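# Structural characterization, general
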Amino acid sequence: MLEDRINQGWEQDDVSTLNPSDTKTEQIRELVNTLVKSYQQVGREKPGRRSKSVLPERDLTGHDLELYESWLAEAHRYFREASQQTVPLTYASEWVLDNYYIIRQALQQIEEDMPVSFYNQLPRLTGGPLKGYPRIYAIARAVLADQRLLLDPVDLQTILVQYQERVPLTMGELWALPIFLRFGLIEFLAHELVLTIHPLKPPNLPTAILQLPEIDDPFYSSEGATGGTANTDGVANIILSLRTISEQDWSDFFESVSRLERTLRKDPAGIYSRMDFKTRDLYRKEIERLSLSTGQDENELAEILLDLANSSVPHHSDFSQEVIAADPPADTDTLPATVELASIQDNPNQALPGKHVGEVLLGKGRTFLEQQIGYQPDSKTSFKRWVFQHAS
């Protein structure tokens, strides 16, 4: 069950449950330490503003992606023509020819899932060689390299949980993770095929970004008596990882690694964890919007919700029928008139004594929350609220 996965994921950071002799555990710890040291300080834009000081020179999911797409199509044509001329095919070329549709699907998925507005909202590194790039891109790239391009979702969950014990990630970053895992794999594949094909005229590709010193090149292993060996499975691993990403349930994965989700599941009334995914996501998105507006950390806002839910806001019996009737959130275009709590209302005995966090976030306790976090609605939001309150 999802609840078990969430609890198991967040219990993995308990040192007492880890075996110090476990090599894999130590490797994960070392990677997390490297990520925390290198990818911690970020800047974040406020809605409607763009800070030139943190913008990278490269457009990852725009111009860069087009260059990679063009070269991969050219590489595919090269391998296809070679196969028709009875030229012996390499291991890499066979994988590309047999699985090019997977590469195309990945390129299309990146384009569809990363609009400019989403990209610009992501926290970006403020220092180091990847200054100006989304932090989650840097993390995804480092994890792929550390795993030698063969993605292990279970280890990835452990890495993210342990990383967030020291550095919180935003909702947007976690949702962007599969996008940048795909992008990182496409990036690695494009540069590797240049070395495989050795074209007379090098393709016009973005400059390859060096790995962190603590992480080996995924196509080159430092093991061996001669000082290093090539990773001949690199292209195969990339294809297999693209398949893994497509098959992974990212909604479940998100909730298993989200600190915000873990906090909201402490709802005093015990209602939140029994809601369906769509309703839980509505709550999380509203917290994300408040975070962007106030500059406060999402999980800190969730903690404030819990504190208010345990204080003197109205009881959930007033909340179950019309959640946002008294004080609607600003973005009423994306919120339903009511929040479905049918599963709880049908089984009222399942709810625990206490006040539901939804009362504070979307109901009559909203005013208390906004006062607590210093939220000031803009003119558009104020007008929407005035219309809502005077609709009858």
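Residues numbered from 1 in each chain as written. Predicted model: local features only at pLDDT ≥ 70, side-chain atom pairs only at ≥ 80, totals over all residues. Heavy atoms only, no water.

Counting its regular elements, the chain contains 18 helices and 4 strands. Here the chain holds 392 residues, and 50% of them are scored as buried. Restricting to contacts in the chain with at least 6 residues of sequence separation, those with at least 24 account for 78%. Of the roughly 19300 Å² of accessible surface on the chain, a fraction of 49% belongs to carbon and sulfur atoms. (Helix = DSSP H or I, 4+ residues; strand = E, 2+ residues; numbered from the N terminus. Buried < 20%, exposed > 50% of the residue type's maximum accessible area, 1.4 Å probe, protein only. Contact = heavy atoms within 4.5 Å. Areas by Shrake-Rupley, 256 points an atom, 1.4 Å probe, with all protein chains shown as cover.)

This part takes up the packing of helix α3 (residues 60-84) against helix α4 (residues 91-98). Geometry of a packed helix pair, given as the angle between the helix axes and the separation of the axes. Running from N to C, α3 and α4 point in directions that differ by 105°, and their axes come no closer than 10 Å. Here α3 is positioned roughly perpendicular relative to α4, judged by the angle of their axes. For the pair α3 and α4, contact is made by His76, Phe79, Arg80 and Ser83 and by Ser93, Val96 and Leu97, respectively. Looking at the contact of α3 with α4 residue by residue, the classes come out as 3 nonpolar, 3 polar and 1 charged. (Axes fitted to C-alpha atoms, helices over the stretch in contact; angles between N-to-C directions. Parallel < 35°, antiparallel > 145°, perpendicular 65-115°, else oblique. Nonpolar A, V, L, I, M, F, W, Y, C, P; charged D, E, K, R; others polar.)

This brings us to the environment of tyrosine 137. Along the polypeptide, tyrosine 137 turns up in helix α7 (residues 135-146). Remark: the alpha-carbon pair of tyrosine 137 and leucine 60, spanning 77 residues in sequence, is separated by 9.4 Å. Among residues more than four places away in sequence, those in contact with tyrosine 137 are Leu60, Leu130, Phe180, Phe183, Glu187 and Ile209.

Tallied over the entire structure, the rule returns 11 aromatic pairs. Between tyrosine 119 and phenylalanine 180, the ring centres sit 6.4 Å apart and the planes meet at 50°, which makes this aromatic pair tilted. With tyrosine 119 in helix α6 (residues 116-121) and phenylalanine 180 in helix α9 (residues 171-197), the pair connects residues that are 61 residues apart, well separated along the chain. On the accessibility criterion, tyrosine 119 (6% relative accessible area) is buried. With 6.0 Å between their ring centres and 35° between their planes, tyrosine 133 and tyrosine 137 make a pair best called tilted. The pair formed by tyrosine 133 and tyrosine 137 is uniform in burial state, with each residue classed as buried. Here arginine 284 stacks its cationic end above the ring of phenylalanine 277, 5.0 Å away from the centre of that ring. (Phe/Tyr/Trp six-rings, centres within 6.5 Å; stacked < 30°, edge-to-face > 60°. Lys NZ or Arg CZ within 6 Å of the ring centre and 35° of its normal.)

By size, the foremost hydrophobic cluster in this structure holds 102 residues, and its most contacted members are Tyr39 and Phe180. Among the elements that take part in this core, α9 stands out by supplying 16 residues, more than any other. In contact with phenylalanine 180, not counting residues within four places along its chain, are Leu60, Thr61, Met114, Tyr119, Leu122, Pro134, Ile136, Tyr137 and Ala140. (Core = buried A, V, L, I, M, F, W, Y, C linked by side-chain atoms within 4.5 Å.)

This part is about the pattern of salt bridges. Taken as a whole and judged by the stated rule, the model has 20 salt bridges. Linking arginine 104 and glutamate 69 is a salt bridge whose minimum nitrogen-to-oxygen distance equals 2.7 Å. One end of the pair, arginine 104, is in helix α5 (residues 100-113); the other, glutamate 69, is in helix α3, with 35 residues separating them in the sequence. Between glutamate 255 and arginine 284 there is a salt bridge, and its shortest N-O distance comes to 2.6 Å. Within this pair, whereas glutamate 255 is found in helix α11 (residues 250-257), its partner arginine 284 is found in helix α13 (residues 277-294), the two being separated by 29 residues in sequence. Classification of glutamate 255 as buried rests on a relative accessible area of 0%. (Salt bridge = Lys/Arg side-chain N within 4 Å of Asp/Glu carboxyl O.)

What follows deals with helix α8 (residues 153-164). Its 12 residues place the ends of α8 16 Å apart at the C-alpha level, agreeing with the 16 Å of an ideal helix rising 1.5 Å per residue. Burial analysis of α8 places 10 of its 12 residues in the buried class, which makes it a mostly covered element. When α8 is considered as a whole, its buried residues turn out to be Asp155, Leu156, Gln157, Thr158, Ile159, Leu160, Val161, Gln162, Tyr163 and Gln164. Here α8 starts with a cap whose side-chain oxygen sits 3.0 Å from the backbone nitrogen of valine 154, and that cap is aspartate 152. (Expected span 1.5 Å × (residues − 1). Polar contact = N/O pair within 3.5 Å; in protein donor to acceptor, adjacent residues only side chain to side chain.)

Attention now moves to the confidence of the model for the chain. Mean pLDDT over the chain: 82, with 74% of residues reaching 70 or higher. Taken together, the stretch residues 222-230 has pLDDT below 50 and engages in 14 contacts with residues farther than four places along the chain or on a different chain. The low-confidence segment residues 313-327 (pLDDT under 50) makes 45 contacts with residues lying over four places distant or belonging to another chain. (pLDDT = per-residue confidence, 0-100.)

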